[in-house]
Amino acid sequence: MKISRLHVDGVVSGLVVDEPPRIGFALASDTPGEALASARVVVGEWEITTRDQIGIRYGGPLAPFTEYTVHVTATGTSGAVAEASTTFRTGRFGTPWTAKWITDAAYETPVKQSPAPMEFRTRFAVQRGVQRAWIESTALGVYELELNGVKVGEDYFAPGFTSYRHQIQYQTYDVTGALARSNVLTATVAGGWAVGSFTHKRKNKIYADRQAFLCELHLEYDDGSREVVATGSGWEVSSQSRFRMAEWYDGENYDATFDSAPSFRAADITEPQGEPALVAQYGPSVRVQRVLRPVSWSTSPSGELIFDFGQNFAGVISARLRGARGRQIVFRHAEVVVDGELFVKSLRTAKATATYTCLDGEQEYSPRLTYMGFRYVGVRGIDPADLELSALVLHSDLPKVGEFSCSNELVNRLQHAIEWGGRSNFVDIPTDCPQRDEREGWTGDYAVFAATASYNFDMSRFLAKWMRDVTAEQAKGGGIPMVVPRAGNPFPVMATSCWGDVCILGPWAEYLARGDVELLRRNYATMKRFLKAAQWWSALGSVRRDRRRIWRWPFHFGDWTSPDGAAKEWIQKGKWIGTAYLANSSHLVARIADILGEEADAAYYRRLRDEVVTAYRNVFTDGAGRLKNEFQTAYVLPLHFGMTAGAETDAMVDNLVRLIDDADGHLRTGFPGTPYILFALSDNGRVKEAFDLLMQTAPPSWLYMVEAGGTTIWERWDALRPDGTVNISDLRPGTSDESSGGGMVSFNHYAAGAVGDWLYRRVAGIEPTSGGYRTFTVAPLVGGGLTFAEGAVETPYGRATSSWRLDDGVFSLRIDVPVSTVCEVVLPDGSRHTRESGSHEFSCAMGVRTPV
C-alpha cells in the first residue's frame, strides 16, 4: 500500500494559506478489498488519529510566514502501512502591511476605455548572504512582476478576478535564487477587471479610478536579520511604458522600441475603495497549460496571412520573428474563417488584436496582459519566412481528473469539444465565452455545466474561490447576481431560476465529486437565503395555495437559446422552468441539510419541494402527465427532477418523445433543459430514444456542431448554419445578418456541453452515490451502435474506472474500485454485484434479463 496523493487544500505542494488548511490523501494498494483502518496526521506538535481521508482540518497553532510539514501514516485494514509528507506555508495571517498602495495620481483614465498600463519600480541592494527572499504583492488591475528583467512566477492576470470591494487575493513568490547585489524590481499593472473597459457597455473604473499596486519584498539574511522592501513614496511610477495599450477586448499594443525611463516620477500613495480583505491566494492561478502549433497557413484574398491552430481555445500567440526597428506587426484573432477571411463581426466591439512594434533582428513577443478566444490568427506586416508562430493555451490551473471515450469518433470529438469549452472558459472565473466583448461570470452557464465540469476537472479551489464572490454579492433579500463578480453588469440582482440556482448546483456537484462537506457548509446560508427569495417571489400576488408555489416573478431567462423562437419566447417560458428548478433546489438543500445535521431544515425543504411539485402538476398539467402548454423543457425538468410518479411518468415521457418526433428527431431545449433531456429519456425506459437524440447529426444537435468542424461547444445550436454562414442575427425576431451588430453567437460557450454528464454517468456508467465517490455505481447503458465505452475519474480516494465492450452479443465490463470505496455494479441483464477496492471483471449476455 502507498499514499498516492497527499494534498493540503487540494494542492500537492507550494500552498500558502491565511486560514487553517485541510488535509487529504488517497491510497493505492494491490490488496483486494483494502481500506483505510486509521491514519495518524502530524503537523509539528499537533496530531490527530482519524479514519477520514478527506477534509481533515488542521487544528494546531499557526504563525505567519512559516513553513509547516505534514506527515501522514496510514494503516490499512490488511495491516499494511504507508507514509508520506508534504509542506505548506502560512502567509501574513493578519500581519499588518508595512507597504502602502501606490499609483500615478496624475493619470486620468479615459471615458469608456482602458487605462494605459502603469509601470512601478524600485531599486535595492543586497549586501550579505540571503537565506530566503519572497514577494507578497497584489494590485487593483492585473499585474506582472519582473526582477532584474526576468518575469517572476508563472502567473497570468494576478491577482485574479474577485469582488474587489469585498476581497482581493495577494500572491507569494519565492525569489531567493533570483537576487543579485544590485536589483531592480518592476511591476506592470494594466487596468484589467478593476479599472479597464468591461462588459458590452464598455464600462470602466468599476472598482477604482486608476490602477494601484501593493508589494512587500521580504529578505531573511543568513545572520538572522530581516529586511522588508515595501511600496511607498520611495517607489517610482510611469504611465508610459512599452505596453502602450492592454485590455481584455481590444488586445494589446507593445512597442519594443519605447524607452520609459524619462517618464518615471515618484509614486503617489492611495487606498482601495472600501475595506477589502487581503487574503493569500485561495484560487488556482491562470497559467500556460500547453503550446499549440499551426496545423496550416494560407494567404487570404485581402493579403493577410491566416494561421489555423486546429483548435478553438483561450490564450495568446507567441511569436519568434525577424524584424526591423519600428516595423509594426499586427495579429488579429477569430474563431472562424468565412470566404477565406477572418470572421470578426461576431466579436461585436472587441478588436481582439495584438500589435507589436519591432526592434532590429531576432526577437520574441507574446501578449502578457490580455487574452483572446480564437482558432485562427491573421498576421500583417511580416514575411512568413521571418515568422515562427505558436500559441499559448491559458486557463486556470485545474487538474484534469476525468476521461471518456467510446467506439463512435463523433462522440469522442464531442467529448473533446466539451473539455476544451471548459478549459477556454475557466480563466480565473467561469466565463460565458472567451472572445467577444463579454467574458463575464454568468451564473446560469456554470449552473447547468457544474456536474460535467466536476467530472472532467478538479474544480475544488476554482469553485470555492468563485463561490466566495457569489456569497459576497448576494443581495440582502437573497437574490444572486446573474453575473459574478457583477463588475458593471447592468442586470439588477434578483432571484432568478437556473442562474441563481448555481449557489446550490455548483457546490452540490463538487461535493459529489470531491466529498467537500465544508463547501456545502460555507454556502448553506447562501442557499437558504436564495430559496427564501424564490418563495417570496412565488407567493407575490397569488392567493390560491397552488399558485403561491408557481415561480413567475420577477424575471427568468426561461428556455434560453432554445431553437424555438427568440429571447421573447424563451423568457415567456420562465414560470415552468422556475417552478421546476425551485422543486429541485428544495430537494437538494434538504439533502444538504441532512449531511450537515440540520434535521428541521431538511424536513422543511422536503415539504416545500412536495408543495412545489403539486403546484406544477395542478397548474401546468391535466393531472395525468400532459402539459396544457407543451414544450420539451417543460417535460424534461419534472421527469429528471423526480417530480412525477407512476402512470404520470409514463405519460410525460411519452409526450416528450412525441415532441421530439414532431421535431424530426431533434431536441428543442435551451440552457435549463439541455443537460437533462437524455436523462429524462433513459431513466424512464427510453434508452433507444436517448441514444438516437445523442447520435443526431442534423441541426439542432450536439454532433452537428462537431461534424460542422466545431472543436468547442457553441452558444447557439445553429451558430454556423448548414450553408456556411454565421448566425449573427440579433435576439429580436426578424432581424437580418446585415442589420446585426454582431448578434449573440459564440463558438466557445460551454453550457450545452453539459451533455457530458450523461456520457459519464450513463454510457460509461460511473455515478457517485455519496460524497467523493466513497460509494458509487457502475451501471452502463448500451445503445447507439456503440461497441465499447470507457470512463475514468480520479476521485479523492483514487482512480475509478469503467470499461465495457460488446462482442457477438456478449457484454464484458472491467472496473477499478479505489481503496476505501465500495462500488455497486449493475449489468445490462439487471444483475447487481457489490465490490470493494481492486480490479474486477464481469460479463453477461445481452437481451437476457436476470430476475431481481
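Anything mentioned here points back to the structure above.
Rules used throughout
- Residues numbered from 1 in each chain as written.
- Predicted model: local features only at pLDDT ≥ 70, side-chain atom pairs only at ≥ 80, totals over all residues.
- Heavy atoms only, no water.
- Helix = DSSP H or I, 4+ residues; strand = E, 2+ residues; numbered from the N terminus.
- Rg over C-alpha atoms; globule rule 2.2 N^0.38 Å.
- Buried < 20%, exposed > 50% of the residue type's maximum accessible area, 1.4 Å probe, protein only.
- Contact = heavy atoms within 4.5 Å.
- Patch = residues over 30% accessible without salt bridge, like charges linked within 9 Å, V, L, I, M, F, W, Y side chains within 5 Å.
- Areas by Shrake-Rupley, 256 points an atom, 1.4 Å probe, with all protein chains shown as cover.
- Salt bridge = Lys/Arg side-chain N within 4 Å of Asp/Glu carboxyl O.
- Pairing = 2+ DSSP bridges.
- Axes fitted to C-alpha atoms, helices over the stretch in contact; angles between N-to-C directions.
- Parallel < 35°, antiparallel > 145°, perpendicular 65-115°, else oblique.
- Left-handed = near helix turned anticlockwise from the far one by under 90°.
- Polar contact = N/O pair within 3.5 Å; in protein donor to acceptor, adjacent residues only side chain to side chain.
- Expected span 1.5 Å × (residues − 1).
- Phe/Tyr/Trp six-rings, centres within 6.5 Å; stacked < 30°, edge-to-face > 60°.
- Lys NZ or Arg CZ within 6 Å of the ring centre and 35° of its normal.

**Student:** Help me get a handle on the overall build of the protein chain, residues and values and all.
**Tutor:** Of regular secondary structure, the protein chain possesses 15 helices and 44 strands. The C-alpha radius of gyration of the protein chain comes to 28 Å, within 12% of the 29 Å expected for a compact globule of 852 residues. When its C-alpha atoms are laid out on the principal axes, the protein chain stretches across 80 × 70 × 60 Å. Of all 852 residues assigned to the protein chain, the portion counted as buried reaches 61%. Across the protein chain, every contact between residues at least 6 apart in sequence was considered, and the portion connecting residues at least 24 apart equals 71%.

**Student:** Run through a nonpolar patch on the surface, naming residues and quoting values.
**Tutor:** A surface patch of nonpolar side chains, about 330 Å² in accessible area, is lined by Trp 536, Leu 540 and Trp 553. You can see Leu 540 is positioned in the loop between α6 (517-539) and α7 (567-572). Residue classification places Leu 540 among the partly exposed residues on the basis of a relative accessible area of 35%.

**Student:** Outline the sheet that holds strand β2 (residues 16-17), supporting the account with residue identities and numerical values.
**Tutor:** A sheet is described by the order of its strands in space; here five strands give the open sequence β2-β8-β7-β4-β5, paired in mixed fashion. Of all strands in the sheet, those with a lone pairing partner are β2 and β5 (46-50), marking the two edges.

**Student:** With reference to specific residues and values, describe the pairing of strand β3 (residues 22-28).
**Tutor:** By the criterion of burial, β3 is predominantly enclosed, with six of the seven residues buried. In terms of strand pairing, strand β1 (residues 2-8) meets β3 through six bridges, oriented antiparallel. Its bridge partner lying in β3, Leu 6 is registered against Phe 25.

**Student:** Summarise the packing of helix α4 (residues 460-472) against helix α5 (residues 502-514); cite the residues concerned and give the values.
**Tutor:** Viewed as axis vectors pointing N to C, α4 and α5 meet at an angle of 155°, and their least axial separation amounts to 11 Å. Classified by the angle between their axes, α4 and α5 sit roughly antiparallel to one another. In terms of crossing hand, the pair formed by α4 and α5 is left-handed. Taken together, the residues of α5 that come into contact with α4 (itself represented by Ser 460, Leu 463, Trp 466, Met 467 and Val 470) are Val 502, Cys 503, Gly 506, Pro 507, Glu 510 and Arg 514.

**Student:** Can you tell me about the packing of α4 against α6, naming the residues and giving the values?
**Tutor:** Relative to each other, α4 and α6 sit at 30°, their axes nearing to 11 Å. With respect to their mutual orientation, α4 and α6 come out roughly parallel. Along this stretch, α4 crosses α6, giving a crossing that reads as left-handed. From α4, Leu 463, Ala 464, Met 467 and Thr 471 reach across to α6, where they touch Leu 519, Arg 522, Asn 523, Thr 526 and Arg 529.

**Student:** So what about the side chain of Glu 419? Which residues, and what values?
**Tutor:** By the element assignment, Glu 419 lies in helix α2 (residues 409-425). Here the side chain of Glu 419 touches Gln 415 through a polar contact of 2.9 Å, side chain to side chain. Ignoring sequence-local partners within four residues, the contact set of Glu 419 consists of Lys 400, Gly 402, Asn 456 and Phe 457.

**Student:** Can you explain helix α8 (residues 574-596)? Please cite residues and give values.
**Tutor:** Spanning 23 residues, α8 covers 32 Å between terminal C-alpha atoms, matching the ideal 33 Å at 1.5 Å per step. Just past α8, the residue Gly 597 takes up positive phi, approximately 80°.

**Student:** Break down the packing of aromatic side chains for me, with residues and values.
**Tutor:** Enumeration over the complete set of coordinates arrives at 61 aromatic pairs. Taking the centre distance of 4.9 Å and the plane angle of 80° together, the rings of Phe 555 and Phe 557 count as edge-to-face. With a centroid separation of 5.2 Å and 80° between ring planes, the pair formed by Phe 557 and Trp 560 is classed as edge-to-face. By relative accessible area, Trp 560 is classed as buried at 13%. Taken together, Tyr 156, Phe 157, Phe 161, Tyr 164, Trp 193, Phe 198, Tyr 207, Trp 248, Tyr 249 and Tyr 371 form an aromatic cluster joined through their ring pairs. Above the ring of Tyr 221, the side-chain terminus of Arg 128 is found at 3.8 Å from the ring centroid. When the ring centre of Trp 576 is taken as reference, the NZ or CZ atom of Lys 575 above it lies at 5.2 Å.

**Student:** Which residues make up the sheet that holds strand β12 (residues 142-147), and what values do they have?
**Tutor:** Reading across the sheet, the six strands line up as β13-β12-β15-β10-β18-β21 and stay open at both edges, with antiparallel pairing between neighbours. Looking along the sheet, the strands with just one partner apiece sit at the ends: β13 (150-151) and β21 (265-266). In this structure, strand β18 (residues 236-238) lies alongside β21, joined through two bridges in antiparallel fashion. In the strand pairing of β21, Glu 236 is matched with Ala 266.

**Student:** Summarise the environment of Leu 720; cite the residues concerned and give the values.
**Tutor:** The residue Leu 720 is located in the loop between α14 (702-707) and α15 (756-763) in this model. Leu 720 sits in the buried class, given a relative accessible area of 16%. Measuring from C-alpha to C-alpha, the distance between Leu 720 and Ala 708 comes to 7.7 Å, with 12 residues separating the pair along the chain. Residues within four places of Leu 720 in sequence aside, it is in contact with Tyr 704, Ala 708, Trp 714, Thr 725, Val 726 and Phe 747.

**Student:** Describe the environment of Ser 114, with residues and values.
**Tutor:** You can see Ser 114 is positioned in the loop between β9 (101-103) and β10 (118-125). Classification of Ser 114 by relative accessible area gives buried; the value is 13%. On a C-alpha basis, the gap between Ser 114 and Arg 348 in space is 17 Å, while along the polypeptide they are 234 residues apart. Apart from the residues lying within four places of it in its own chain, the contact partners of Ser 114 are Gly 196, Ser 197, Ala 246 and Glu 247. Looking at Ser 114, its side chain comes within polar contact range of the main-chain nitrogen of Ser 197, at 2.8 Å.

**Student:** Provide a residue-level description of the pattern of salt bridges, including the pertinent values.
**Tutor:** What the rule picks out here adds up to 57 salt bridges. A salt bridge links Arg 521 to Glu 518, with the shortest nitrogen-to-oxygen separation between them at 2.7 Å. In this pair, Arg 521 and Glu 518 both sit in helix α6, three residues apart, roughly one turn of the helix. Residue Glu 518 is classed as partly exposed on the basis of its relative accessible area, which comes to 23%. In this structure, Glu 767 and Arg 762 form a salt bridge, with 2.8 Å as the shortest nitrogen-oxygen distance. Arg 762 matches Glu 767 in its accessibility class, with the two residues each being buried. Because the salt bridges share partners, they merge into one network encompassing Arg 348, Arg 436, Asp 437, Glu 438 and Glu 715.

**Student:** Any chance you could break down the pairing of strand β4 (residues 36-43) for me, citing the residues and the numbers?
**Tutor:** In terms of strand pairing, β4 meets strand β7 (residues 67-76) through seven bridges, oriented antiparallel. Its bridge partner being in β7, Val 41 is matched across the sheet by Val 72. Pairing of β4 with β5 involves five bridges; the strand directions are antiparallel. By the bridge assignment for β5, Ala 39 is matched with Thr 50.

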